Amino acid sequence: MFRRSRPVVAAGLACCALTLAACGSGSGSSSSGSGGGKVKVGLITKTDTNPYFVKMKQGAEQAAKSEGVSLMTAAGKFDGDNGSQVTALENMVAAGVKGVLITPNDSKAIVPAIAKARAKGVLVIALDTPPEPQSSVDALFATDNEKAGELIGQYAKAAMAGKTAKIATMDLAPGVSVGVQRHDGFVKGFGITDSDPSIVCSQDTGGDQAKGQTAMENCLQKAPDINLVYAINEPAALGAFTAIKAKGRAKDVMIVAIDGGCTGVKAVKDGTIAATAQQYPLKMAADGVKAVAAYGKSGTKTSGYTDTGVNLITDKPQTGIDAKDSAFGLANCWG
């Protein structure tokens, strides 16, 4: 199990690939920045294949069009690819962006590149995942990931109805703040600590479905009586389910997760996942673009943390736990 110090505020997740991509201009009325012409906004996501980041890019494109700004985008080759994000950030600064929205692949390693951008007057806003320290950026627009973890932890505790829990945690990876925050929130919501004997296995999955399956296979070898699985995201949860089903235990192991993608919410609807905590990447990116547009047009500079919201999604509600059903989740999902 990994442990890291937690940043002041939590923020959201999803995991996959990063290719320096080129840029689309938002249409709409032209708005001038200090250099003349349209204000330029940069968006750098962790990957360009994960539906979470596809939705984030969509939100940025829609906002760029409505705000009349030009949008440059980049993504990386794989989750954790800090080098590509550094290159993308440097290229965007050289191209004259007024601000950059970034979901850091490495919360600490990206900080020097962010500092250089800010020193040149570029507004840098983290989306989804905070850097460490969080003060490295001007602002953070994100899910409160610890709260998301707490929601599914509280739900799982209530749904266990007094049964002795044998918990497997399908975690993210060392050095990624969002994974730590979600994990910490889950154990807090369940009312235990990491040293509690009810946690019988912990594995890193990278948020990947295939790795989630392998991790769960390892846990089931170590502790065949596992009856509760916490998963960092829905791909890891679905991978775990595959391993559990192969052991003939699909009906007696409860799985809870975080993200709220359409595939994950459908898994809640069909009973594969008991509950998930839904976050809203489109809103993160749209709000970020609007903030950079305001900075470019009027010099108004956003700061601090903006919570973009989270809801527990389940079709098996528990007394005292606020939740929305899968119909709400499907109406607000991504992917």
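This is a predicted model, so every value here is computed, not measured.

1. What to know about unusual backbone geometry
1) Next: Along the chain, glutamate 132 connects to proline 133 via a cis peptide bond; the corresponding omega equals 5 degrees.
2) Next: Mapped onto the fold, proline 133 is located in the loop between β5 (123-127) and β6 (139-142).
3) Next: Even without a glycine there, the phi angle at aspartate 128 is positive, about 75 degrees.
4) Next: As for its placement among the helices and strands, aspartate 128 is situated in the loop between β5 and β6.
5) Next: We note that alanine 161 has phi near 50 degrees; this positive angle belongs to a residue other than glycine.
6) Next: Summarising the element assignment, alanine 161 is placed in the loop between α4 (145-160) and β7 (167-171).
7) Next: The exposure class of alanine 161 is exposed, given its relative accessible area of 62%.

2. Here we look at helix α1 (residues 51-67)
1) Next: With 17 residues, α1 extends 24 Å between its outermost C-alpha atoms, agreeing within 8% with the 24 Å of an ideal straight helix rising 1.5 Å per residue.
2) Next: Taken together, the buried positions of α1 are Tyr52, Phe53, Lys55, Met56, Gly59, Ala60, Ala63 and Ala64.
3) Next: In this structure, the buried side of α1 is in contact with β2 (40-44), β3 (70-74), β5 and α9 (281-298).
4) Next: Structurally, the start of α1 carries an N-cap: the backbone nitrogen of tyrosine 52 is 2.8 Å from a side-chain oxygen of asparagine 50.

3. Some words on the packing of α1 against α9
How two helices sit against one another is set out by the angle between their axes and by the gap between those axes.
1) Next: α9 packs onto α1 with a crossing angle of 35 degrees between their chain directions and a minimal axis gap of 7 Å. Pair α1 / α9 crosses with right-handed handedness. Facing α1, whose interface residues are Tyr52, Lys55, Met56, Gln58, Gly59, Ala60, Gln62, Ala63, Ala64 and Glu67, α9 presents Pro281, Leu282, Met284, Ala285, Ala286, Val289, Lys290, Ala293 and Lys297.
2) Next: Looking at side-chain class alone, the contact of α1 with α9 contains 12 nonpolar, three polar and four charged residues.

4. Remarks on the sheet that holds strand β9 (residues 228-231)
1) Next: Reading across the sheet, the six strands line up as β8-β7-β9-β10-β11-β13 and stay open at both edges, with mixed pairing between neighbours. Because the sheet does not close on itself, it has two edges, and the strands there are β8 (199-204) and β13 (311-313). The average angle at which neighbouring strand axes cross in this sheet is 15 degrees, direction not considered.
2) Next: Pairing analysis gives three bridges linking β9 to strand β10 (residues 254-259), with the strands arranged parallel. Bridge assignment links tyrosine 230 to a residue of β10, and that residue is valine 256.
3) Next: Strands in contact with α4 are β9, β10, β11 (275-278) and β13; relative to β10, the strand with the most contacts, it is inclined by about 165 degrees.

5. As for the pairing of β2
1) Next: Of all five residues making up β2, four are buried, and the element is well covered by its neighbours.
2) Next: When β2 meets β3, the two strands line up parallel, connected through five bridges. Bridged to glycine 42 within β3 is methionine 72.
3) Next: Remark: the β2/α1/β3 crossover connection has right-handed handedness.

6. Side note on the environment of glycine 271
1) Next: Along the chain, glycine 271 falls in the loop between α8 (262-269) and β11.
2) Next: You can call glycine 271 partly exposed: its relative accessible area is 40%.
3) Next: A C-alpha to C-alpha distance of 9.8 Å links glycine 271 and alanine 250, two positions 21 residues apart in sequence.

7. Structural notes on the packing of aromatic side chains
1) Next: Enumeration over the complete set of coordinates arrives at four aromatic pairs.
2) Next: Measuring from centroid to centroid gives 4.8 Å for tyrosine 52 and tryptophan 334, while their planes differ by 80 degrees, and the two rings are edge-to-face. With tyrosine 52 in helix α1 and tryptophan 334 in the segment after α10 (326-331), this residue pair connects regions lying 282 residues apart in the sequence.
3) Next: Measuring from centroid to centroid gives 5.9 Å for phenylalanine 186 and phenylalanine 190, while their planes differ by 25 degrees, and the two rings are stacked. On the criterion of helical spacing, the pair formed by phenylalanine 186 and phenylalanine 190 is a turn pair, its members being four residues apart in helix α5 (residues 177-190).
4) Next: A residue is classified by how much of its surface remains accessible, and phenylalanine 186, at 0% relative accessible area, is buried.

8. Brief notes about the environment of lysine 40
1) Next: With respect to the secondary-structure elements, lysine 40 resides in strand β2.
2) Next: The exposure class of lysine 40 is partly exposed, given its relative accessible area of 32%.
3) Next: Put simply, lysine 40 and alanine 64 are 24 residues apart on the chain and 9.3 Å apart in space, counted from C-alpha to C-alpha.
4) Next: Beyond its immediate stretch of four places on either side in the chain, lysine 40 contacts Ser70, Ala95, Gly96, Val97, Lys98, Gly99 and Val292.
5) Next: Among the polar contacts made by the side chain of lysine 40, one reaches the main-chain carbonyl oxygen of alanine 95 at a distance of 2.9 Å.

What counts and what doesn't
- Residues numbered from 1 in each chain as written.
- Predicted model: local features only at pLDDT ≥ 70, side-chain atom pairs only at ≥ 80, totals over all residues.
- Heavy atoms only, no water.
- Helix = DSSP H or I, 4+ residues; strand = E, 2+ residues; numbered from the N terminus.
- Buried < 20%, exposed > 50% of the residue type's maximum accessible area, 1.4 Å probe, protein only.
- Expected span 1.5 Å × (residues − 1).
- Contact = heavy atoms within 4.5 Å.
- Polar contact = N/O pair within 3.5 Å; in protein donor to acceptor, adjacent residues only side chain to side chain.
- Axes fitted to C-alpha atoms, helices over the stretch in contact; angles between N-to-C directions.
- Left-handed = near helix turned anticlockwise from the far one by under 90°.
- Nonpolar A, V, L, I, M, F, W, Y, C, P; charged D, E, K, R; others polar.
- Pairing = 2+ DSSP bridges.
- Right-handed = clockwise from strand over helix to strand, strands pointing away.
- Phe/Tyr/Trp six-rings, centres within 6.5 Å; stacked < 30°, edge-to-face > 60°.

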